[in-house]
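Observations on the model geometry
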Amino acid sequence: MKLVSDRAVAAAAELDTVSDFFRTYRMGVPDEQVRADLTFGNPHEMALPRLVESLKRRIEPRRVDWFAYKTSEEEARDVVARALMAELGLAFEPEDIAMTPGAFAAIGVAFSMLMDPGDECIIPMPGWFAYTTMLRARNTVPVKVPLDDRTWDLDVSGIERAITPRTRIVIINTPHNPTGVVYSRERLSELAQMLQRKSADMGRPIFILSDEPYRRIRFDGVHYTSPAQVYPWTLIDYSYAKILLAPGLRLGYLAICPDMPQEARDELRQLAMSVQISLGWAFPDALAQYAVADLETVSIDIEAFRKKRDRVLGALTQWGYTLTKPQGTFYIWGKAPGGDAHLFTRRLAEHGVYVMPGTLFERPGEFRISLTGSAEMIEASLPAFEAMSA
Ligand SMILES: Cc1ncc(COP(=O)(O)O)c(C=O)c1O
């Protein structure tokens, strides 16, 4: 008897590797035996005081409708539009902003707004685990295109070759999880020119979904270009989870590039709210929206992350590891000694140190370290990496 939908089964199948790993990676090891869990981008220290203070202050109701149903709150949209304008130099208006429970939901809204069943979305690989499951849940098709596996830069010709008449979206995640690469303006402009040409050939635009939750986490003054600055058919998704290191606070947005032709911009603006309702009221909680004005100016200590990055890079390269120096994000990506990431991460775990095998990114020879562990955890993990380097 067929009980559940094919697309739910297909969506779940895309998550098999990730769910199995999540269930089993600690193998029931109690916290006190764990020296360092550097697997996921989760906090390992208490939340930022300014985040907590803001939420405490905003929880006190100021009006009877304080906790009424909320869509995208006017003040939150206004704050975001101004902040984006200052950051990217584009003329965002509050109506271009749809407030969402994190980047996850913003990506879902973009997929639902732009894609019909059978439509295709190009994903540079290795890429974040959830794009494919979200696409399968909509009966839409992920098309994977490898990044250059020496530099992890975008392969514009590879993307061009993957385009078909069903291509609706190309996802660009910059700074990039897991490699930490920040794409250059030159490469993004090259991509934009190619997409303009292909869109003209097809008689309808191919969109870029610019997945930017790590936009503000960059090191060494590296310059940032958003695809929205070079390609008008761009939607930006953002999350406050990374900059606040608080992914349990579901807050983010989808923003329409203001350079899009006005008619298209209006159509997307109008559609967003209905799509968010259709997806099950995909708006952030009232409290999170009230806090946006404060949270826009709160950040983890990026300099402390840079120090952790340099400590890990310095130590591990000295022991023979091949790692990519991240320009942004809080991850380090590298080759697993011996070439088998699954085996490597299992053996590292025997020393009480946990990292993510590249199998979760369809790269079985690589692994990812999350720098969200405390400086003490990172220090405590180093002997295990040294022991595994031989
Ligand atoms: C590249 C990328 N996009 C989107 C997300 C989703 O962010 P959030 O959980 O804040 O919605 C993540 C989270 O890990 C991510 O790494």
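Let me sum up the structure you'll find in this document. (Residues numbered from 1 in each chain as written. Predicted model: local features only at pLDDT ≥ 70, side-chain atom pairs only at ≥ 80, totals over all residues. Heavy atoms only, no water.)

1. Things to note about the overall build of the protein chain
Here is the rule we go by: Under the DSSP-based scheme used, a helix requires at least four consecutive residues in state H or I and a strand at least two consecutive residues in state E, with every element numbered from the N terminus. Computation of the radius of gyration draws on C-alpha atoms, with the globule rule given as 2.2 Å multiplied by the number of residues to the power 0.38. Partly exposed describes any residue whose relative accessible area lies between the buried limit of under 20% and the exposed limit of over 50%, with all areas from a 1.4 Å probe on protein chains only and scaled to the type maximum. In this analysis, two residues are considered to be in contact whenever any of their non-hydrogen atoms come within 4.5 Å of each other. We count Lys and Arg on the positive side and Asp and Glu on the negative side, and we leave His and both chain ends out. Where a charge lies is defined by one atom per residue type, namely NZ (Lys), CZ (Arg), CG (Asp) and CD (Glu).
If you tally the helices and strands in the protein chain, you get 13 helices and 13 strands. On C-alpha atoms alone, the protein chain measures out to a radius of gyration of 21 Å, which is about the 21 Å that the 2.2 N^0.38 rule sets for 390 residues. Seen through its C-alpha atoms, the protein chain measures out along the principal axes to roughly 60 × 55 × 55 Å. Counting every position in the protein chain, which comprises 390 residues, the buried fraction comes to 56%. Long-range pairs, those at least 24 residues apart, make up 75% of the contacts in the protein chain with a sequence separation of at least 6. A gap of 1 Å separates the mean positions of the 44 positive and 51 negative side-chain charges of the protein chain.

2. Thoughts on the site of the ligand
Rules: When we say a residue is near a molecule or strand, we mean one of its heavy atoms is within 4 Å of it. Between N or O atoms, a polar contact is any pair within 3.5 Å; within protein, one atom must be a potential hydrogen donor and the other a potential acceptor, and residues adjacent in sequence are included only when both atoms are from side chains. Surface accessibility in these figures is a Shrake-Rupley result with a 1.4 Å probe; residues are shielded only by whichever protein chains are displayed. The pocket and cavity definitions rest on a 1 Å grid over protein atoms only: a 1.4 Å probe that fits but cannot leave marks a cavity, an open set with protein on both sides within 12 Å along at least five of seven lines marks a pocket, and residues lining either have an atom within 4 Å of a point. In this scheme, a molecule is assigned to a cavity or pocket if more than half of its atoms are within 2 Å of the grid points. In the scheme used here, Gly and all other residues not listed as nonpolar or charged are polar, with Ala, Val, Leu, Ile, Met, Phe, Trp, Tyr, Cys and Pro taken as nonpolar and Asp, Glu, Lys and Arg as charged.
For the ligand, the set of nearby residues contains 14 residues, the closest of which are Asp 211, Tyr 214, Ser 239, Lys 242 and Arg 250. Within the contact set of the ligand, an oxygen atom lies 2.9 Å away from a side-chain nitrogen or oxygen of Asn 177. Within the side chain of Arg 250, a nitrogen or oxygen atom sits 2.8 Å from an oxygen atom of the ligand. Burial of the ligand by the protein chains amounts to 93% of its free accessible area of 390 Å². The cavity that encloses the ligand is the largest pocket. Taken together, the residues that form the shell around the ligand break down as 7 nonpolar, 4 polar and 3 charged.

3. Observations regarding the pattern of salt bridges
What counts here: A side-chain nitrogen of Lys or Arg and a carboxyl oxygen of Asp or Glu constitute a salt bridge if their distance falls within 4 Å.
Applying the stated criterion across every chain, the model contains 31 salt bridges. We note a salt bridge from Arg 82 to Asp 78, for which the minimum N-O separation is 3.1 Å. Remark: Asp 78 and Arg 82 occur in helix H4 (residues 74–88); sequence separation between them is 4 residues, near one turn of the helix. Ionic pairing is found between Glu 296 and Arg 216, a salt bridge with its closest N-O pair at 3.0 Å. Residue Glu 296 is located in the loop between helix H10 (286–295) and helix H11 (302–318), and its partner Arg 216 is located in the loop between strand S6 (207–211) and strand S7 (234–239); the two are separated by 80 residues in the primary sequence. For the pair formed by Glu 296 and Arg 216, the shared burial category is buried.

4. What to know about the layout of surface pockets
What counts is decided by this rule: Grid points are joined across faces, edges and corners, and a volume is the space filled by probe spheres set on the points. These domain limits were set by an automatic method or by a database of domain assignments.
Quantified by volume, the largest pocket comes out at close to 610 Å³. Forming the walls of the largest pocket are 26 residues, and the residues nearest its centre are Phe 104, Trp 128, Phe 129, Lys 242 and Tyr 331. The set of elements that each furnish at least two residues to the lining of the largest pocket consists of helix H2 (16–24) and helix H5 (102–114). The greatest single-element share of the lining of the largest pocket, amounting to 3 residues, is contributed by H5. Taken together, the residues of the lining of the largest pocket sort by class into 17 nonpolar, 5 polar and 4 charged. Two domains share the lining of the largest pocket, each providing at least three of its residues, namely domain 1 (6–47 + 301–387) and domain 2 (50–295).

5. Section: the packing of helix H3 (residues 49–59) against H10
Convention followed: In this analysis, axes come from line fits to C-alpha atoms, helices being fitted only over the stretch in contact, and the angle between any two N-to-C directions falls in the range 0 to 180 degrees. Roughly parallel refers to an angle under 35 degrees, roughly antiparallel to one over 145, roughly perpendicular to one between 65 and 115, and oblique to any angle outside these ranges. If you view the pair so one helix is near and one far, a crossing is left-handed when the near helix is turned anticlockwise from the far one by less than a right angle, and right-handed when it is turned clockwise.
Running from N to C, H3 and H10 point in directions that differ by 130°, and their axes come no closer than 9 Å. One finds that H3 runs oblique with respect to H10. Crossing hand, H3 versus H10: right-handed. Contacts between H3 and H10 involve Arg 50, Leu 51, Ser 54, Leu 55, Arg 57, Arg 58 and Ile 59 from the first element and Leu 287, Tyr 290, Ala 291, Ala 293, Asp 294 and Leu 295 from the second. Taken together, the residues of the contact of H3 with H10 sort by class into 8 nonpolar, 1 polar and 4 charged.

6. Brief notes about empty space enclosed by the protein
Counted under the stated rule, the structure contains 1 cavity of 30 Å³ or more. As a volume, the largest cavity reaches approximately 40 Å³. Contributing to the lining of the largest cavity are Ile 123, Pro 124, Gly 127, Tyr 131, Ile 171, Ile 172, Asn 173, His 176 and Tyr 183. Going through the elements one at a time, strand S3 (120–125) and strand S5 (167–173) are the ones with two or more residues in the lining of the largest cavity. By residue number, the principal contributor to the lining of the largest cavity is S5, which donates 3 residues. Residues belonging to the lining of the largest cavity are distributed by class as follows: 6 nonpolar, 3 polar and no charged.

7. Points about the nonpolar core
Worth spelling out the cut-off: By nonpolar core is meant a set of buried Ala, Val, Leu, Ile, Met, Phe, Trp, Tyr and Cys residues that side-chain atoms within 4.5 Å join together.
Counting 65 residues, the largest nonpolar core has Leu 316 and Phe 385 as its most contacted members. Split by domain, this core shows at least three residues from each of two domains, domain 1 (6–47 + 301–387) and domain 2 (50–295). Those residues in contact with Phe 385 that lie beyond four places of it in its chain are Leu 38, Leu 316, Trp 319, Tyr 321, Phe 344, Leu 348, Val 353, Val 355, Phe 367 and Ile 369.

8. Regarding the packing of aromatic side chains
Keep this limit in mind: In this scheme Phe, Tyr and Trp rings, the latter by its six-membered ring, pair at centre separations within 6.5 Å, and the angle between planes marks the pair as stacked below 30 degrees, edge-to-face above 60, and tilted otherwise. By definition, being over a ring means that NZ of Lys or CZ of Arg is both within 6 Å of the ring centre and within 35 degrees of the ring normal.
Scanning the model with the defined rule gives 25 aromatic pairs in all. An angle of 70° between the planes, with centres 5.6 Å apart, marks the rings of Tyr 214 and Tyr 331 as edge-to-face. With a gap of 117 residues between them, Tyr 214 in the loop between S6 and S7 and Tyr 331 in strand S10 (residues 331–335) connect regions that are remote in the sequence. We classify Tyr 214 as buried; its relative accessible area is 3%. One aromatic cluster is present, formed by Phe 21, Phe 22, Tyr 25, Phe 40 and Tyr 354 through successive ring pairs. Positioned over the ring face of Phe 305 is Lys 308, at 4.1 Å from the centre of the ring. Across the ring face of Tyr 331, the terminal group of Arg 368 is positioned such that the distance to the ring centre comes to 3.7 Å.

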